[in-house]
Amino acid sequence: MIDPWSSAIVNYEKLIEEFGIKPFHDLLGDIENPHILMRRGIVFGHRDFGRIIKAIREKSEFAVVTGMMPSGKMHIGHKMIVDQLTWYQEKGAEIHIPIADMESYSARGIDFNEAKRIAIEEYITNYIALGLDPDNEKLHIYLQSENKIVGDLAYKLAKRVNMNEMKAIYGFSGSTNIAHIYAPLIQVADILHPQIKECGGPKPTVVPVGPDQDPHIRLTRDIAERFQSQFEFITPSSTYHRFITGLTGGKMSSSKPKTAIFLSDTPEVAEKKLKSAKTGGRESLEEQKKMGGVPEDCVVYEMLLYHLIQSDDELKEIYHQCREGSIMCGECKARSAEMMKNFFKNFHKKREKAKDKAESILDL
């Protein structure tokens, strides 16, 4: 069972085998100028993404939905979602970003006012600084607790979901609070509401998520089919991206500060953190020269792969240098840390400019 509220590491291959997720690389040839995360296999799986490719190719209407749960600070791993959103925005998508203040209240105990503050000062500000266009008329950001359309839809959808199903999907027990049980139905409504009449009617919709969020996707797709005759929903599509490894190994997590580079860190702190990150180097310099490094097990290489190097050719060269032992971990770390420092210097300038805009962007 996959728990959307835990930090468990997911076996990507097992996820594909057991839950019917399709490999994303099979679609790459059909996508004009695929996103860098798609090209590099970081977006590794999908459900029905062909519908989205068709909409992009035909320049027809489609929607993207991705939520943010305001429960803590954003780290650099969260940047992956924003990078994908900016790509979809360039393709003409209608983008809906629900702020999951109801979920953060039920699952994390975050007060609604505090959730709104975190959403504005941390998430929305960072989204704009990372490239999301706040003035695009097709961008909709809202608080779950204040969106009546979503709330009404969730109540209607809940009519055809029972407790046995929620227990089977999420592992809920008799001690689970009712607000927590209801929160996934709000998320289902978040995903489906761009297709109701008030929002323009049925349209292909994609939800880019980490694999830990797949239970929400499965529930949403099932419910969409149950209400097909009433709402004519097009079953939502989804894509799945790999988690970025934490600085100490394992998953990067906001709740474990030693694992993360936070977007609020200073350039100097970000640089220092990357210099201390786990690498795929050998135990000795001699072994490294003889056997080469293991970039697949290196946090520093992942930062280059996910965020710091745009050129595929340059990345391949670094990969081969590591594998053949012609570049040492210290040299690679120093160069990568300098890139990270420069990224943060530029990002923080954009973040300062984004603050005022973030205050006024919520659809209330």
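Further up the page is the structure itself.
Residues numbered from 1 in each chain as written. Predicted model: local features only at pLDDT ≥ 70, side-chain atom pairs only at ≥ 80, totals over all residues. Heavy atoms only, no water.

Which parts of the structure should I look at to understand the pairing of strand β2 (residues 43-47)?
A regular strand places its side chains so that they alternate between the two faces of the sheet. Most of β2 is tucked away, with five of its five residues classed as buried. Bridging between strand β1 (residues 22-23) and β2 involves two bridges; their strand directions are antiparallel. In the strand pairing of β2, Pro-23 is matched with Gly-45. Inspection of the sheet shows β2 paired to strand β7 (residues 237-241) by four bridges, in the antiparallel sense. Note on β7: the bridge partner recorded for His-46 is Thr-239. (Buried < 20%, exposed > 50% of the residue type's maximum accessible area, 1.4 Å probe, protein only. Helix = DSSP H or I, 4+ residues; strand = E, 2+ residues; numbered from the N terminus. Pairing = 2+ DSSP bridges.)

Got a minute to help me understand the nonpolar core in this structure?
The tendency in soluble globular proteins is for nonpolar side chains to be buried as a group. Residues Phe-49, Tyr-88, Ile-124, Tyr-127 and Met-303 are the most contacted members of the largest nonpolar core, which totals 75 residues. Not counting the four nearest positions on each side in its chain, Phe-49 is found in contact with Phe-24, Leu-27, Ile-31, Met-38, Tyr-88, Val-206, Ser-237 and Thr-239. (Core = buried A, V, L, I, M, F, W, Y, C linked by side-chain atoms within 4.5 Å. Contact = heavy atoms within 4.5 Å.)

Looking at this structure, I do not really get the environment of Pro-194. What am I missing?
Relative to the elements of secondary structure, Pro-194 occurs in the loop between α9 (178-192) and β6 (205-209). Exposure remark for Pro-194: the relative accessible area of 0% places this residue in the buried category. Placed 51 residues apart in sequence, Pro-194 and Leu-143 show a C-alpha to C-alpha distance of 15 Å. Apart from the residues lying within four places of it in its own chain, the contact partners of Pro-194 are Ala-63, Val-65, Glu-94, His-96, Cys-199, Gly-201 and Lys-203.

Looking at this structure, how should I read the sheet that holds β6?
Backbone hydrogen bonds hold the strands of a sheet together, and the pairing may be parallel or antiparallel. The seven strands are arranged β1-β2-β7-β6-β3-β4-β5 in an open sheet whose pairing can be described as mixed. Pairing within the sheet leaves two strands with one partner each, and these edge strands are β1 and β5 (139-143). Looking at chain direction, strand β4 (residues 94-99) and β5 are connected through five bridges and run parallel. The residue bridging Pro-98 from the neighbouring strand is Tyr-142, located in β5.

Would you mind showing me how to read helix α14 (residues 299-308) here?
Given 3.6 residues per turn, any residue in an α-helix points the same way as the ones three and four places further on. Burial analysis of α14 places ten of its ten residues in the buried class, which makes it a mostly covered element. For α14, the set of buried residues is Val-299, Val-300, Tyr-301, Glu-302, Met-303, Leu-304, Leu-305, Tyr-306, His-307 and Leu-308. Among the structural elements, α2 (36-39), α4 (79-90), α12 (267-275), α15 (312-324) and α16 (329-359) are those in contact with the buried residues of α14.

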